[in-house]
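# Reading the structure
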Amino acid sequence: MKAVNAIEKKIFTLPQLRSQLASWRVTNKTIAFTNGCFDILHEGHIFSLSQAAKEADYLVVGINSDSSTKRLKGPERPVNHEHSRALLLASLAIVDAVVVFEEDTPLELIRAVLPDVLVKGGDYTIETIVGSKEVIANGGRVVINPIVEGFSTTGIIQQIKSSFS
Ligand SMILES: Nc1ncnc2c1ncn2[C@@H]1O[C@H](COP(=O)(O)OP(=O)(O)OP(=O)(O)O)[C@@H](O)[C@H]1O
Ligand SMILES: O=P(O)(O)O[C@@H]1O[C@H]([C@H](O)CO)[C@@H](O)[C@H](O)[C@@H]1O
């Protein structure tokens, strides 16, 4: 039980995250932020998260709520509920905080976090990354990581469906 509690402690509400960020920033620590649905965790996610973690002292991951994911990815998604998705991400040593957002985009969350580094995968461009303008205007930077070919949640789902059809 102790192990799960330690993981659960990395899952924050936004008010809790604001307080944690303030503590981290007292000692001038830098914050990286990335976001996504992270529905079925795969190697591409781990690459993206590990690259993001290298960019700053702490890595904050915003994940879409179940309803937000459903609006974004379709009625059959997510496969894994938001708390499960948050737990898996929080269990990674490279992730320091996980926060769930309900909106269609993480813009309000990014405005609250104002990370030093905003990170997304190469399926996005600087123009399509929500929050990029706000982060850069605040003196931060945006990092786009390469895509690890052959890995996607959609692909995993399709592979499972075809294996059992
Ligand atoms: N193959 C990959 N290589 C590197 N980064 C990835 C890869 N797949 C997703 N990412 C990144 O992981 C984050 C979460 O993406 P997401 O949850 O949409 O994964 P996904 O596998 O693309 O899901 P889906 O297939 O449902 O769209 C995003 O920043 C995205 O850029
Ligand atoms: O898991 P995804 O589809 O990579 O995550 C989405 O990313 C969008 C991106 O940040 C837009 O620039 C975001 O708007 C959306 O809410 C998902 O998090």
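Anything mentioned here points back to the structure above.
How each quantity is defined
Residue indices follow the written sequence of each chain, beginning from 1 at its first position. Here the convention is simple: chains get letters from A, ligands get numbers from 1, in the order in which they are written. Owing to the predicted nature of the model, reporting of local features is limited to residues with pLDDT of at least 70; listing and counting of side-chain atom pairs is limited to 80 or more, with chain, interface and lining totals taken over all residues. Based on all heavy atoms of the structure, the side-chain values leave hydrogens and waters out of the count. To be near a molecule or strand, a residue needs just one of its heavy atoms within 4 Å of it. Between N or O atoms, a polar contact is any pair within 3.5 Å; within protein, one atom must be a potential hydrogen donor and the other a potential acceptor, and residues adjacent in sequence are included only when both atoms are from side chains. Note on areas: Shrake-Rupley, 1.4 Å probe, and residue coverage restricted to the protein chains presented here. Here a cavity is any set of points on a 1 Å grid over the protein atoms alone where a 1.4 Å probe fits but cannot get out, and a pocket is any open set with protein on both sides within 12 Å along at least 5 of 7 lines; a residue lines the site when it has an atom within 4 Å of a point. Criterion for pocket placement: a molecule counts as inside a cavity or pocket if more than half of its atoms are within 2 Å of its grid points. Secondary structure is summarised from DSSP: a helix means a run of H or I of at least four residues, a strand means a run of E of at least two, and numbering begins at the N terminus for each. Polarity classes work like this: nonpolar for Ala, Val, Leu, Ile, Met, Phe, Trp, Tyr, Cys and Pro, charged for Asp, Glu, Lys and Arg, and polar for all others, with Gly in that last group. Each residue is placed in one exposure class: buried if its accessible area under a 1.4 Å probe, protein chains only, is under 20% of its type's maximum, exposed if it is over 50%, and partly exposed if it falls in between. Note that the arc is defined by the directions from the helix axis to the C-beta atoms. The criterion used for residue contact is that any of the two residues' heavy atoms lie within 4.5 Å. At least two bridges found by DSSP between two strands are what make those strands a pair. Put simply, a nonpolar core is a bunch of buried Ala, Val, Leu, Ile, Met, Phe, Trp, Tyr and Cys residues held in one set by side-chain atoms that sit within 4.5 Å of each other. With the strands aimed away from the viewer, a crossover counts as right-handed if its path from the first strand over the helix to the second runs clockwise.

### Description of the site of ligand 2
Around ligand 2, the structure places 15 residues, and the nearest of them are Asn-64, Lys-73, Asp-104, Thr-128 and Val-130. Between ligand 2 and the protein, one listed contact pairs an oxygen atom with a backbone N or O atom of Asp-104 at 2.7 Å. One nitrogen or oxygen atom from the main chain of Val-130 is found 2.7 Å from an oxygen atom belonging to ligand 2. Surface burial for ligand 2 is 88%, taken as the share of its 420 Å² of free accessible area covered by protein chains. Judged by the proximity of its atoms to the pocket grid, ligand 2 belongs to the largest pocket. Sorting the residues of the shell around ligand 2 by element identifies strand S2 (31-36) and helix H4 (66-73) as the ones contributing at least two each. Looking at side-chain class alone, the shell around ligand 2 contains seven nonpolar, five polar and three charged residues.

### Describing helix H5 (residues 82-90)
Among all positions of H5, only Arg-85, Ala-86, Leu-89 and Ala-90 are buried. What you see down the axis of H5 is that its buried residues fit within an arc of 130°, all on one side. Among the structural elements, helix H1 (2-8), strand S1 (11-12), helix H3 (43-54), strand S3 (58-64), H4 and strand S4 (97-101) are those in contact with the buried residues of H5.

### Looking at the sheet that holds strand S5 (residues 117-121)
Two orientations exist for strands paired in a sheet by backbone hydrogen bonds: parallel and antiparallel. Taking strand neighbours across the sheet as the criterion, the six strands line up as S1-S4-S3-S2-S5-S6 in an open arrangement whose pairing is parallel. Where the open sheet ends on each side, the last strands, each with one partner, are S1 and strand S6 (141-145). Pairing between S2 and S3: six bridges, direction parallel. Across the sheet, Ile-31 pairs through a bridge with Tyr-58, a residue of S3.

### Observations concerning the nonpolar core
Membership of the largest hydrophobic core comes to 19 residues, with the highest contact counts inside it found for Leu-49, Leu-59, Val-61, Ile-63, Leu-89 and Val-98. Put simply, the parts of the chain that give this core at least two residues each are H3, S3, H5 and S5. Membership of the second largest hydrophobic core comes to 17 residues, among which are Phe-33, Val-60, Phe-101 and Val-142.

### So, the pairing of S2
Of all six residues in S2, six are buried, a share of seventy percent or more. Because side chains alternate across S2, one face comprises the buried residues Ile-31, Phe-33 and Asn-35, and the other comprises Ala-32, Thr-34 and Gly-36, equally buried. Each parallel crossover has a hand, and the one from S2 via H3 to S3 is right-handed. Where S2 meets S5, three bridges bridge the pair, whose relative direction is parallel. From the neighbouring strand, Phe-33 faces S5, where its bridge partner is Leu-118.

Nothing here speaks to function; it is geometry throughout.
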